[in-house]
Amino acid sequence: MLVSGAMLASVDAVSKLFVATYSVSQILFVQSSCACAALVLFAALTGTIGRLRPRDLRTHLIRGCLYAAGAYAFITALRYLPLADAVALSFVSPVLIALLGRLMLGEIVTRARAVAIVIGFVGVLVMLRPGTPAMHWAFALPLVVATVDAFRDILTRRMTVTETSQAVILFTTAVVAVVSAPLAIVHWQPIVPTHWLLYAGTGAFFIAAHYLMVEAFRHGEAVVVAPFRYFMLIWSTLFSFALFDDLPDAWVVTGALLTVVGGIIIAVTEARKPRDV
């Protein structure tokens, strides 16, 4: 999950670079198409085509739609918000997973989890600063991403019981490509050669990052694995400063730290629980 976060942060940084030139739909369509092509080519060369076959197509379609909704919301947010701010706000996802865990996975909400949930949501309020001039409507978009990601992560945890990581990634990217294609065609802008290289690179990073993410959820409980995404905030802040000369203000840093504390409390508490042998 740590390596996955670094790769996804670089994909987000490139998306922010592109969002000033290309529509959100075109960015998603080209990135997901490159990812699909690279994954199929790799499977063909390594003789693992069979691992791309899904067992439950309906669940794959649901996960793909969830990812597409989150991706649209996040890249749209990048038009208006600094990269690090958008990522920080989306990090409430592990706290939401703690709430959803019992409903979808039968996980118990302990007292420690309840405290962590409260701390996490206080952190979100600090970042948002509702009722102040700093409040921007685009702040709502990363929260949409966090909600969608929470459902997607819970679903991913369930899918890893029967589905291969390759199949999960392929059908997620395929759904994104199909969903984004109509508007991408309508708003198509010519792509310069150097941007094709960046698109291809982000497609490869997308595959690798999501493969590692799915494997992490395969081998760990959702509420424990998800907080490790917080390391992505460090990478996002570095990319935001290096590429866009943006740094999060004190409110965002404080709120992000509170949200991280909430996630870490959940992770530590769950890691200490006795497991069934």
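Residues numbered from 1 in each chain as written. Predicted model: local features only at pLDDT ≥ 70, side-chain atom pairs only at ≥ 80, totals over all residues. Heavy atoms only, no water.

Engineer: For this particular structure, what's the right way to read the overall build of the chain?
Structural biologist: When helices and strands are tallied, the chain shows 12 helices and 0 strands. Reading the chain from its N terminus to its C terminus gives the helix and strand order α-α-α-α-α-α-α-α-α-α-α-α. Sorting the 277 residues of the chain into buried and exposed places 53% on the buried side. By sequence separation, contacts in the chain at least 24 residues apart represent 88% of the contacts at least 6 residues apart. (Helix = DSSP H or I, 4+ residues; strand = E, 2+ residues; numbered from the N terminus. Buried < 20%, exposed > 50% of the residue type's maximum accessible area, 1.4 Å probe, protein only. Contact = heavy atoms within 4.5 Å.)

Engineer: Honestly, the state of the cysteines in this entry has me stumped. Any pointers?
Structural biologist: Counted by the stated rule, this structure contains 0 disulfides. Considering cysteine sulfurs only, Cys 36 is the nearest to Cys 34, which forms no disulfide, with 9.6 Å between them. (Disulfide = S-S within 2.5 Å.)

Engineer: How should I be thinking about the packing of helix α3 (residues 57-78) against helix α8 (residues 165-186) in this particular structure?
Structural biologist: Axis angle and axis distance: for two packed helices, these are the angle between their axes and the distance between the axes, and together they describe the pair. α8 packs onto α3 with a crossing angle of 55° between their chain directions and a minimal axis gap of 8 Å. When the axis of α3 is compared with that of α8, the two are oblique. Regarding α3 and α8, the two cross each other, and that crossing is right-handed. For the pair formed by α3 and α8, the contact residues are Leu 57, His 60, Leu 61, Arg 63, Gly 64, Cys 65, Tyr 67, Ala 68 and Tyr 72 on the first element and Ala 167, Val 168, Phe 171, Thr 172, Val 175, Val 176, Val 179 and Ser 180 on the second. When its residues are assigned to classes, the contact of α3 with α8 shows 12 nonpolar, 4 polar and 1 charged. (Axes fitted to C-alpha atoms, helices over the stretch in contact; angles between N-to-C directions. Parallel < 35°, antiparallel > 145°, perpendicular 65-115°, else oblique. Left-handed = near helix turned anticlockwise from the far one by under 90°. Nonpolar A, V, L, I, M, F, W, Y, C, P; charged D, E, K, R; others polar.)

Engineer: Just to check I follow, could you spell out a nonpolar patch on the surface for this structure?
Structural biologist: A surface patch of nonpolar side chains, about 410 Å² in accessible area, is lined by Phe 231, Ile 234, Trp 235 and Leu 238. Classification of Phe 231 by relative accessible area gives partly exposed; the value is 42%. (Patch = residues over 30% accessible without salt bridge, like charges linked within 9 Å, V, L, I, M, F, W, Y side chains within 5 Å. Areas by Shrake-Rupley, 256 points an atom, 1.4 Å probe, with all protein chains shown as cover. Salt bridge = Lys/Arg side-chain N within 4 Å of Asp/Glu carboxyl O.)

Engineer: So what exactly am I meant to see when it comes to empty space enclosed by the protein here?
Structural biologist: Left-over empty space is what a probe sized like a water molecule reveals as it rolls over the atoms. This structure, assessed with the given rule, holds 1 cavity of 30 Å³ or more. Together, 29 residues line the largest cavity, and Leu 8, Asp 12, Tyr 67, Phe 74 and Asp 149 are the ones closest to its centre. For the lining of the largest cavity, the secondary-structure elements that each account for two or more residues are α1 (2-18), α2 (24-46), α3, α4 (83-90), α5 (93-105), α7 (140-159), α8 and α9 (193-219). With 5 residues, α3 is the single largest residue contributor to the lining of the largest cavity. (1 Å grid on protein atoms, 1.4 Å probe; cavity = no way out; pocket = protein on both sides within 12 Å on 5 of 7 lines; lining within 4 Å. Points joined across faces, edges and corners; volume = space filled by probe spheres on them.)

Engineer: Can you walk me through the side chain of Ser 15 in this structure?
Structural biologist: In this structure, Ser 15 sits in helix α1. With near-sequence residues (within four places) excluded, Ser 15 lies in contact with Ile 27, Gln 31, Ile 75 and Leu 78.

Engineer: Explanation requested: the packing of aromatic side chains in the structure shown.
Structural biologist: Aromatic ring pairs are described here by two measures, namely the spacing of the ring centres and the angle between the planes. As enumerated under the stated definition, the model contains 6 aromatic pairs in all. Ring centres of Tyr 22 and Tyr 199 lie 6.0 Å apart, and the angle between their planes is 55°; on these two criteria the pair is classed as tilted. Remark: Tyr 199 occurs in helix α9 and Tyr 22 occurs in the loop between α1 and α2; sequence separation between them is 177 residues. Just as Tyr 22 is buried, Tyr 199 falls in that class too. These aromatic residues form a ring-pair network of at least three members: Phe 18, Tyr 22, Trp 196 and Tyr 199. Over the face of the ring belonging to Phe 244 we find Lys 16, whose NZ or CZ atom lies 5.5 Å from the ring centre. (Phe/Tyr/Trp six-rings, centres within 6.5 Å; stacked < 30°, edge-to-face > 60°. Lys NZ or Arg CZ within 6 Å of the ring centre and 35° of its normal.)

Engineer: Mind showing me how you'd approach unusual backbone geometry here?
Structural biologist: What is expected of a backbone is that most residues other than glycine have negative phi and most peptide bonds are trans. Phi is positive for Asp 245, close to 55°, though the residue is something other than glycine. As for its placement among the helices and strands, Asp 245 is situated in the loop between α11 (231-244) and α12 (250-272).

Engineer: Would you explain the side chain of Gln 166 in this entry?
Structural biologist: Positionally, Gln 166 belongs in helix α8. On the basis of relative accessibility, which here comes to 15%, the residue Gln 166 falls in the buried class. For Gln 166, the contacting residues outside a window of four places in its chain are Leu 39, Arg 51, Leu 52 and Tyr 211.

Engineer: Can you help me understand the pattern of salt bridges in this one?
Structural biologist: In the structure shown here, the tally under the stated rule is 1 salt bridge. Across the salt bridge formed by Arg 152 and Asp 149, the nearest N and O atoms sit 3.2 Å from each other. Remark: Asp 149 and Arg 152 occur in helix α7; sequence separation between them is 3 residues, near one turn of the helix. Here Arg 152 and Asp 149 have matching classes, each one buried.

Engineer: What's the story with α8 in this structure? I'm lost.
Structural biologist: Each α-helix turn comprises 3.6 residues. Residues three or four places apart therefore point the same way. The first and last C-alpha atoms of α8 sit 33 Å apart over 22 residues, in line with the 32 Å expected at 1.5 Å per residue. A bend of about 45° at Ser 180 is the largest found in α8, and the proline Pro 182 appears one to four places after it. (Expected span 1.5 Å × (residues − 1). Bend = angle between axes of the 7 residues up to and from the residue.)

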